[in-house]
Amino acid sequence: MRNPIGKKVVDIKPSGIRKFFDIVLETEGAISLGVGEPDFDTPWHIRDEGIYSLEKGRTFYTSNSGLKELRTEISNYIQRTQGVSYDPIKEVFVTVGGSEAIDLALRAMVDEGDEVLIPQPSYVSYEPCAILADAVPVIIELKEENQFRLTAQEVLDKVTDKTKILVLPFPNNPTGAIMEKEDLEAIAKVVIEKDLYVISDEIYGELTYSGKHVSIVSLPGMKERTILINGFSKAYAMTGWRLGYACGPQAIMEQMVKIHQFAIMCAPTTSQYAAVEALRNGDDDVLMMKEQYNHRRRFLLSEFERIGLPCFEPYGAFYVFPCIKKFGMTSDEFCTRLLKEEKLAVVPGTAFGDCGEGYIRVSYAYSLENLKAAMERLERFISKL
Ligand SMILES: Cc1ncc(COP(=O)(O)O)c(C=O)c1O
């Protein structure tokens, strides 16, 4: 029989996050600080709107681009948070999570051989999606001495005449790093000078702890060069509803919608009704969750300091990224032993790119009680090393 599997797919490594979680499921009494998913339930008034839409019999496809009401709310949201105006019909469309938007943006924009700059450590999907779109991923290694921010020089160093896209993964998963306005201004200058496009993944944009998130689309000349990606999973604790969106120039949106129309048809209808409510009346819930995340973030950082685990202070998302180099183990060894000896699961930094070696990702999307128990285990583990 001939090989049924395409080579491009076989060569892609499965996510290093999942691998650990399969082990956790089989380990009795394990505590996991591994998953990047809010521990809160979706706020009730948002769930209610989903339920109500079902009661009303709204069980049909929506337009391929999503409910007009929702696209209008998305456009209003970006206007009020970033001061940027998007046409809800031509420049906004609703996807199955930020995940689909990342995939579509890459597929719609690259030709074979185009280079896509991907700063790492970063979310696991950019590199495989770039490969599946026949592009060439070019990795930029973010450095702890720059607080894992991306610098304009790092971009310049990797730009060639084949470079087309820069992925901007901030606030960052797994480091928690954010970009300040000045950092973005320097990057925007390079992007314009080198005629690049940006895919800005701002899924953690609501979760920043040192002032408001600034989007690169708010800088002069950048709206026309950027696909802004966001979604409901993180800010509104709606991971299972599978809803995200992309905003950008009409010409690019049209091509993205075309792929979406053939591959997906439309994002889940119930979720779209719930999301309208999230954007209209969810600000207080976001704030409440954010305050709790911040409290946990500070708790973890102070615990790391107390037990002697060096960690740069991250101001975004819900992850901390301590350095474990001093223990003379690889990230994978550290995490495997921690899980085996103390039944505590965290994710090796290498799951987010080779340059994550020497770090571990600890998620604080877990209750304080869980975090306290986990820190006891981590302290015991470290004291044995
Ligand atoms: C940085 C980042 N982008 C995108 C996603 C995808 O999220 P979703 O598809 O649930 O919107 C995640 C999920 O963990 C993420 O961490």
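This text goes with the structure placed above it.
Quick caveat: nothing in here was measured; it's all calculated off a predicted structure. Every chain begins its residue count from 1, and numbering advances along the sequence as written. It should be noted that, the model being predicted, local features are given only for residues of pLDDT at least 70 and side-chain atom pairs only at 80 or more, the latter also being counted only at that level, while totals for whole chains, interfaces and linings use all residues. Derived side-chain values reflect all non-hydrogen atoms in the structure, with water molecules and hydrogen atoms excluded from consideration.

Caption draft 1: Quick look at the nonpolar core. We define the nonpolar core as a collection of buried residues of types Ala, Val, Leu, Ile, Met, Phe, Trp, Tyr and Cys that are connected through side-chain atoms lying within 4.5 Å of one another. Burial classification: accessible surface area is computed with a 1.4 Å probe over protein chains only, and a residue below 20% of its type maximum counts as buried, one above 50% as exposed, and the rest as partly exposed. Grouped together as the largest cluster of nonpolar side chains are 48 residues, with contacts concentrated most on Leu 33, Tyr 293, Leu 300, Phe 334 and Leu 378. Only DSSP runs of H or I with at least four residues qualify as helices, and only runs of E with at least two residues qualify as strands; both kinds are numbered from the N terminus onward. Elements with a contribution of two residues or more to this core: α2 (16-26), α11 (283-307), β9 (319-320), α12 (331-342), β10 (344-345), β12 (360-363) and α13 (368-384). The element that contributes the greatest number of residues to this core is α11, accounting for seven residues. Domain delimitation in this document rests on an assignment produced automatically or drawn from a domain database. If you count residues domain by domain, this core takes at least three from each of domain 1 (7-42 + 284-383) and domain 2 (59-281). Residues are treated as being in contact if the distance between any of their heavy atoms lies within 4.5 Å. In this structure, Leu 378 is in contact with Phe 304, Ile 307, Leu 309, Phe 334, Leu 338 and Leu 344, ignoring residues within four places of it in sequence.

Caption draft 2: Molecular detail of unusual backbone geometry. In this model, Gln 120 is joined to Pro 121 through a cis peptide bond whose omega is 5°. Along the polypeptide, Pro 121 turns up in the loop between β3 (115-120) and α6 (126-132). Cis rather than trans, the peptide bond between Asn 173 and Pro 174 has omega equal to 25°. Along the chain, Pro 174 turns up in the loop between β5 (163-168) and α8 (181-193). Non-glycine residue Ala 317 carries a positive phi angle of around 60°.

Caption draft 3: Looking closely at helix α4 (residues 68-82). Helix span, as expected, comes to 1.5 Å for every residue beyond the first. Compared with an ideal rise of 1.5 Å per residue, which puts 15 residues at 21 Å, α4 spans 21 Å between its outermost C-alpha atoms and is within 8% of the ideal. Taken residue by residue, α4 has Leu 70, Arg 71, Glu 73, Ile 74, Ser 75, Tyr 77, Ile 78 and Gln 82 as its buried positions. Looking at the buried positions of α4, the neighbouring elements they touch are β2 (92-95), β7 (226-231), β8 (244-247) and α10 (269-281). Looking one or two residues past α4, Gly 83 carries a phi angle of roughly 70°, positive in sign.

Caption draft 4: Here's a closer look at the sheet that holds β2. Spatial ordering of the open sheet is given by β2-β8-β7-β6-β5-β3-β4, a layout of seven strands whose pairing is mixed. Where the open sheet ends on each side, the last strands, each with one partner, are β2 and β4 (136-141). Averaged over neighbouring strand pairs, the angle between their axes works out to 20° when direction is ignored. Where β5 lies against strand β6 (residues 197-201), four bridges are found, and the strand directions are parallel. Following the sheet pairing, Leu 166 is matched in β6 by Val 198. DSSP-based pairing: two strands are paired if at least 2 bridges between them are found. For helices, the axis comes from a line fit to the C-alpha atoms of the stretch in contact; other axes are also lines fit to C-alpha atoms, and the angle between any two N-to-C directions lies between 0 and 180 degrees.

Caption draft 5: The site of the ligand, seen in detail. A molecule or strand has a residue near it when one of that residue's heavy atoms lies within 4 Å. Close to the ligand lie 13 residues, the nearest being Gly 98, Ser 99, Asp 201, Ser 233 and Lys 234. Between the ligand and Ser 99, the relevant distance is 2.5 Å, taken from an oxygen atom to a side-chain nitrogen or oxygen of the residue. Under this definition, polar contacts are N or O atom pairs within 3.5 Å; protein pairs additionally need one hydrogen-donor-capable and one acceptor-capable atom, and for neighbouring residues in sequence, both atoms have to be side-chain atoms. At 2.6 Å, a side-chain N or O of Ser 233 approaches an oxygen atom of the ligand. Protein coverage of the free-state accessible area of the ligand, which is 400 Å², stands at 92%. Among the elements that make up the shell around the ligand, the one with the highest residue count is helix α5 (residues 97-109) (four residues). Along the lines of polarity and charge, the residues of the shell around the ligand split into five nonpolar, five polar and three charged. Methods summary: accessible areas were calculated by the Shrake-Rupley approach with a probe of 1.4 Å, and residue burial reflects only the protein chains presented. Residues are grouped as follows: Ala, Val, Leu, Ile, Met, Phe, Trp, Tyr, Cys and Pro are nonpolar; Asp, Glu, Lys and Arg are charged; every other residue, Gly included, is polar.

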